[in-house]
Amino acid sequence: MFQRILIANRGEIALRVIRACRELGITSVVVFSEADRGASYLEEADRAICIGAGPSAESYLNIPRIIAAAEVADVQAIHPGYGFLSENPEFAEICRSCGFEFIGPSHEAIRRMGLKTEAKIVANKAKVPCVPGSDGPVDSETEAQALASKIGFPVLIKAAAGGGGKGMRVVRDADGFLAAYRTARAEAEAAFRNPSVYLERYLDNPRHIEVQLLADQHGHVVHCWERDCTVQRRHQKLVEESPSPVVPEAVRTKICESAVRLAKAVNYYNAGTCEFLYDPATQEFFFIEVNARIQVEHPVTELVTGLDLIKWQIRIAAGEKLTLKQSEIKRHGHAIECRINCEDPGANFRPSPGTVNRMVVPGGPGVRWDSHVVAGYRVPTNYDSMVGKLLVHADTREEAIRRMSRALREIKLDGIATTIPFHRLLMQDEQFRSGEYDTTWLEREFMPRNRDRLGS
Amino acid sequence: MADGAPEGQGPDLKKLHRLIKLMHRYGLTAMDLGEGPDKIRLRRGPIASAMAPPPAAEYVHAAAPQAAAPAAAAKPAAETESQYIRSPMVGTFYTSSSPDAPAFVSVGSNIRKESTVCIIEAMKVFTEIPAGISGTIAEVMVKNGQAVEFGQPLFRLS
């Protein structure tokens, strides 16, 4: 087991890893930038080393400085957290070649999973369904028409050379296909000087379902069930929960087992998450990508399974065997996480950093608060806007929602604008409570409906 | 992170102010004063260690009267009057280019912006550090072979 670990990250995830180290009896060394100097979470580590100025390029993304810190602190391993360098295969490779274990998967696995095309190849090999589509641009009308029928309607026609909705068409049936195909190509030509389009199955009301994976360096892979992260705004997750309120049990098992197959196909080890899109109408699921790192919402899984994922990451990296049998990983109850950001929900979620002048942490049964923020904390402007994760765990989803509402009433984070009012409204929302929504529901329906109530 | 004294039980603010001025004047970074039922701890940053807390004053009530005994920390680090050469990187500080070679600079050395003042080693790469400012070295603040972090003061100039 490692004696000393360097934590190459900041904020709440740095604190999370520090906590795991403390409980494992491992010395924790955390890096920090000038923008984070004085933050109270740094005191929880055994040692803190300043590695550079505020901008990430000079600190948390600066590989030589992080390695230099690992060197002077004489650590055996480096935990990259999430974001920053956590999915940078060069960083993982450099750590290991400098003699520091990288607490995560192999750099080859990170590299492979980071390339969408590569990941799809692995998924096909593992017989994991992907979003049906053309494997590249389709330039002939006859070919396109045939392929569209094969893919299955509704079909999305997408410009290969650009985005922003240009050269994009959703076609509901075979009759309308050719006209849409021609228009899309003309639009793409006008916008990008390249008429190339490709085809994909269009999912009307997709849900985002992801599977937590744990694997050791001895080939043993397990899943820790799924999380439903369908509540999103601009492709950013705001609320995550487990189990998914809409996936039937049999399908759940199939999705989770396919994630395990995929991990085995690429000799994956350590923690990772396999993301899928799920179509409730047809009960089909489609692989999107693997996140080869620990994720922000990992505590949701920790609450329903009782596992400490960070500790397992450390043990796996130290070469220990994953002693969990799949049959032993059981779910209990329901967990929800609300990401609290310093953004003003009444002003289009504009980032609103500042100084927290009052902090009251909610407590009581089934409440968990993962945050580095304390009273007096000044939110640096160099990094993301997440100030904390509020989680609840209860026996049922209804109870969990009530508990989250309760916790959202108790929590006080004064001095900055936060998304707490937004989450309060969401927990009261009938459609959220029904569990029936898709990835665009929040922006499409909830936000317009609540515009007045969110205005600050 | 400046938690001042609890409200309503003021330390003598004039006295605190005088103490703080004294610390500045004589370049002290720490002072512990026990007087009567009260103790005062004053710390002034930056301190040459891996963790550098900002200046903070703690006001602590002790039950029994303590003997008045001001104590000062070993490393003087005057802030406003002097200038500092700070480490631009994380690594190990060396005063000379090799163990047998003479030190690049020492107390009293006159330096220009381009003068090499030390070497910092990281990952077996030895980087010569330029002064960045001109002046006279008043103090070498770190020891040969000591680990230094970004921003850590290495030399004080007069």
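What you are looking at is a predicted structure, and each value in this text was computed from that prediction instead of being measured.

Draft legend 1. Focus on the overall build of chain A. Helices and strands together make up the secondary structure of chain A, namely 15 helices and 20 strands. Expressed as lengths along the three principal axes of its C-alpha atoms, the size of chain A is roughly 65 × 55 × 45 Å. Classification of the 456 residues of chain A by burial places 50% in the buried group. In chain A, of all internal contacts separated by at least 6 residues, the share reaching a separation of at least 24 is 64%.

Draft legend 2. Highlighting the interface of chain A and chain B. Facing the 20 residues of chain A at the interface are 16 residues of chain B. Counting residues per element, the ones that place at least two in the side of chain A that touches chain B are β3 (47-52) and α2 (63-72) of chain A. Ranked by residues supplied to the side of chain A that touches chain B, first place goes to α2 of chain A with seven residues.

Draft legend 3. Main features of the nonpolar core. Membership of the largest hydrophobic core comes to 163 residues, with the highest contact counts inside it found for Leu6, Ala69 and Leu213 of chain A. Take this core: its biggest share by element is seven residues, from helix α1 (residues 11-24) of chain A. Filtering out sequence-adjacent residues up to four positions away, alanine 69 of chain A remains in contact with Leu6, Val31, Ile49 and Ile51 of chain A together with Val90 of chain B.

Draft legend 4. Quick peek at the packing of α1 of chain A against helix α10 (residues 309-317) of chain A. Residues and elements named next belong to chain A. Running from N to C, α1 and α10 point in directions that differ by 65°, and their axes come no closer than 9 Å. Here α1 is positioned roughly perpendicular relative to α10, judged by the angle of their axes. By crossing handedness, the relation of α1 to α10 is classed as right-handed. Listed contacts from α10 to Arg16, Val17, Ala20 and Leu24 of α1 are Ile310, Lys311 and Ile314. For the contact of α1 with α10, the residue count by class is five nonpolar, no polar and two charged.

Draft legend 5. Up close: helix α7 (residues 177-192) of chain A. Residues and elements named next belong to chain A. The end-to-end C-alpha distance of α7, which contains 16 residues, comes to 22 Å, matching closely the 22 Å that a straight helix rising 1.5 Å per residue would cover. Among the residues of α7, those classed as buried are Phe177, Tyr181, Ala184, Arg185 and Ala188. Burial along α7 is one-sided: seen end-on, the buried residues are contained in an arc of 100°. Facing away from the buried side of α7 by more than 90 degrees, the exposed set consists of Ala179, Ala186 and Ala190.

Draft legend 6. Layout of the packing of helix α3 (residues 89-97) of chain A against helix α4 (residues 107-114) of chain A. All names here are of chain A. Two elements in contact, α3 and α4, have axes whose closest approach is 8 Å; the angle formed by their N-to-C orientations is 175°. Relative to α4, α3 is oriented roughly antiparallel. Note on element contacts: α4 touches α3 through His107, Ile110, Arg111 and Gly114, opposite Pro89, Ala92 and Glu93. When grouped by side-chain class, the residues that make up the contact of α3 with α4 number three nonpolar, two polar and two charged.

Draft legend 7. Quick look at the confidence of the model for chain B. Across chain B, pLDDT averages 75, with 68% of residues at or above 70. pLDDT under 50 marks residues 47-79 of chain B. Its contacts with residues more than four places away, or in other chains, come to 70 contacts.

Draft legend 8. Examining the domain arrangement of chain A more closely. Split by domain assignment, chain A resolves into domain 1 (4-103), domain 2 (141-201) and domain 3 (207-454). With centres defined by C-alpha atoms, the gap from domain 1 of chain A to domain 2 of chain A works out at 46 Å.

Draft legend 9. Representation of the sheet that holds strand β5 (residues 101-102) of chain A. Residues and elements named next belong to chain A. Pairing is parallel in the open sheet, where five strands are placed in the order β3-β2-β1-β4-β5. Of all the strands in the sheet, the pair left with one neighbour each is β3 and β5. Here strand β2 (residues 27-33) runs beside β3; their pairing, made up of five bridges, is parallel. Across the sheet, residue phenylalanine 32 finds its bridge partner in β3, namely cysteine 50. Sitting on the sheet, α1 touches β1 (4-7), β2 and β4 (77-79), and the angle it makes with β2 is about 165°.

Draft legend 10. Looking closely at the pairing of strand β11 (residues 236-242) of chain A. Residues and elements named next belong to chain A. Burial of β11 is extensive: five of the seven residues sit out of reach of the surface. As defined by bridge partners, strand β10 (residues 221-233) adjoins β11 across four bridges and the pair is classed as antiparallel. Along β11, the bridge assignment pairs valine 231 with valine 239. The sheet contact formed by β11 and strand β14 (residues 334-341) spans four bridges and is antiparallel. Opposite glutamate 240, over in β14, you have glutamate 337 as the bridge partner.

Draft legend 11. Fine view of the sheet that holds strand β18 (residues 367-370) of chain A. Residues and elements named next belong to chain A. The strand order β13-β12-β9-β10-β11-β14-β19-β18 describes an open sheet built from eight strands, whose pairing is antiparallel. On the outer flanks of this sheet lie β13 (284-291) and β18, each paired with one strand and no other. Sheet twist, expressed as the average angle between the axes of neighbouring strands with direction ignored, equals 25°. Pairing of β14 with strand β19 (residues 386-394), which is carried by eight bridges, proceeds in the antiparallel orientation. When the sheet's bridge partners are listed, histidine 334 is paired in β19 with alanine 394.

Draft legend 12. Inspection of the environment of glycine 162 of chain A at higher detail. Residue and element names in this part refer to chain A. One can find glycine 162 in the loop between β6 (155-159) and β7 (169-171). Overall, the presence of 15 C-beta atoms within 10 Å leaves glycine 162 in the partly exposed class. The sequence separation of glycine 162 and leucine 324 amounts to 162 residues, and the corresponding C-alpha distance is 45 Å. Beyond its immediate stretch of four places on either side in the chain, glycine 162 contacts Ala191 and Phe192.

Draft legend 13. Structural detail: unusual backbone geometry. Residue and element names in this part refer to chain A. A cis amide bond links phenylalanine 153 to the next residue, proline 154, at an omega of 0°. The topology assignment puts proline 154 in the loop between α6 (141-151) and β6. The step from serine 242 to proline 243 runs through a cis peptide bond, and the omega angle for that step is -5°. The topology assignment puts proline 243 in the loop between β11 and α8 (249-265).

Conventions we followed
- Residues numbered from 1 in each chain as written.
- Chains lettered and ligands numbered in written order.
- Predicted model: local features only at pLDDT ≥ 70, side-chain atom pairs only at ≥ 80, totals over all residues.
- Helix = DSSP H or I, 4+ residues; strand = E, 2+ residues; numbered from the N terminus.
- Buried ≥ 20, exposed ≤ 12 C-beta atoms within 10 Å, placed from the backbone.
- Contact = placed C-beta atoms within 7 Å.
- Core = buried A, V, L, I, M, F, W, Y, C linked by C-beta atoms within 7 Å.
- Axes fitted to C-alpha atoms, helices over the stretch in contact; angles between N-to-C directions.
- Parallel < 35°, antiparallel > 145°, perpendicular 65-115°, else oblique.
- Left-handed = near helix turned anticlockwise from the far one by under 90°.
- Nonpolar A, V, L, I, M, F, W, Y, C, P; charged D, E, K, R; others polar.
- Expected span 1.5 Å × (residues − 1).
- Arc of directions from axis to C-beta.
- pLDDT = per-residue confidence, 0-100.
- Domains from an automatic or database assignment.
- Pairing = 2+ DSSP bridges.

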